[in-house]
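# What the coordinates show
The primary structure of each chain is shown beneath.
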Amino acid sequence: PPPRPKRHYRCRWTLARAGRDRGMSSLKPIASYARIKPVGAETRGEGTAASKQLSGWDEAKGTVSVSGTNAARASGGGEEVFKHFSATLAPDASQARVYEVTVAPLLAQFMEGFDVDVLSYGQTGSGKTYTMFGPPQSMVQAESRLSRGGGETADGILRPEHGVILRSGFACLEALKALRGGGKRAVLHGSMVEISILTFANQSVSDLLSGKADCYVDASHHVQGAKQVLLK
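What this report covers is the structure whose coordinates are included nearby. Predicted model, so just to flag it, every value in this text is computed and none were measured.

### Here we look at the environment of S196
Mapped onto the elements of the fold, S196 is located in the loop between β10 (193-195) and β11 (198-201). Among the residues examined, S196 registers a relative accessible area of 17% and is labelled buried. Put simply, S196 and A226 are 30 residues apart on the chain and 6.7 Å apart in space, counted from C-alpha to C-alpha.

Structure representation (structure tokens):
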């Protein structure tokens, strides 16, 4: 069968801060993380057994081991170890843990005036929406609590199940508050949320919001031609 379309969710923030240091020495351009989705009781035993099986992982080293791959059989070791992740998040990792490992370090760079991007990537059902936002209706419930008098703090609004979007938003506001309290000037000069829904298959990119129109990646590694819808 053809590859399943893979959607990605991307969030981006821009901040202008007076007197910021533009040195790039401490920045790591790209960091990738593997989050292992647990098998729920409601789905255990369903589906068809696969020839490849997740056989282990190391959270600190950022490795994931898979048995049944061609490389594993060729080496005779029984499993192939993927080592390109900065860290691996186990099935029992909480939403707070995921945020602290993957997004919190970016927030520090963001507060220095750098643009940052968070990308959640994977096949349908792999947990992208849960990681970014939380379970169904969780953001609706957060909005309801905000409308009842919530402000710049997460008290009474943020729940354990909420994902990195809400957590990073509150963390940003708290960081700005701390800067102002220390006598430093920081200006959040603009904020908006835009969404694009794309498919990546067979080395091509298509825009699902524009009738699967073709997109392309330019020399700066940015996707061009994708429709962006402003969420209000």
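### Here's the deal with the nonpolar core
Generally speaking, soluble globular proteins have nonpolar side chains that are buried together. In terms of nonpolar packing, the biggest core is built from 17 residues, with F110 and V164 touching the most fellow members. In terms of residues, this core owes the most to one element, helix α6 (residues 164-181), which gives 4 residues. Aside from chain neighbours lying at most four places away, what touches V164 is V98, Y99, V103, T131 and M132.

### What to know about the sheet that holds strand β13 (residues 213-217)
Across the sheet, 4 strands lie side by side as β11-β12-β13-β14; this open sheet has antiparallel pairing. Looking along the sheet, the strands with just one partner apiece sit at the ends: β11 and β14 (223-224). Note: strand β12 (residues 204-207) against β13, 3 bridges, orientation antiparallel. Residue pairing across strands places V205 opposite C215, the latter belonging to β13.

### Remarks on the side chain of T63
Checked against the element boundaries, T63 lands in strand β5 (residues 63-67). For T63, a relative accessible area of 13% puts it in the buried group. Ignoring anything within four residues of it in the chain, the contact list for T63 reads W57, D58, V81, F82, K83 and T88.

What counts and what doesn't
Residues numbered from 1 in each chain as written. Predicted model: local features only at pLDDT ≥ 70, side-chain atom pairs only at ≥ 80, totals over all residues. Heavy atoms only, no water. Helix = DSSP H or I, 4+ residues; strand = E, 2+ residues; numbered from the N terminus. Buried < 20%, exposed > 50% of the residue type's maximum accessible area, 1.4 Å probe, protein only. Core = buried A, V, L, I, M, F, W, Y, C linked by side-chain atoms within 4.5 Å. Contact = heavy atoms within 4.5 Å. Pairing = 2+ DSSP bridges.

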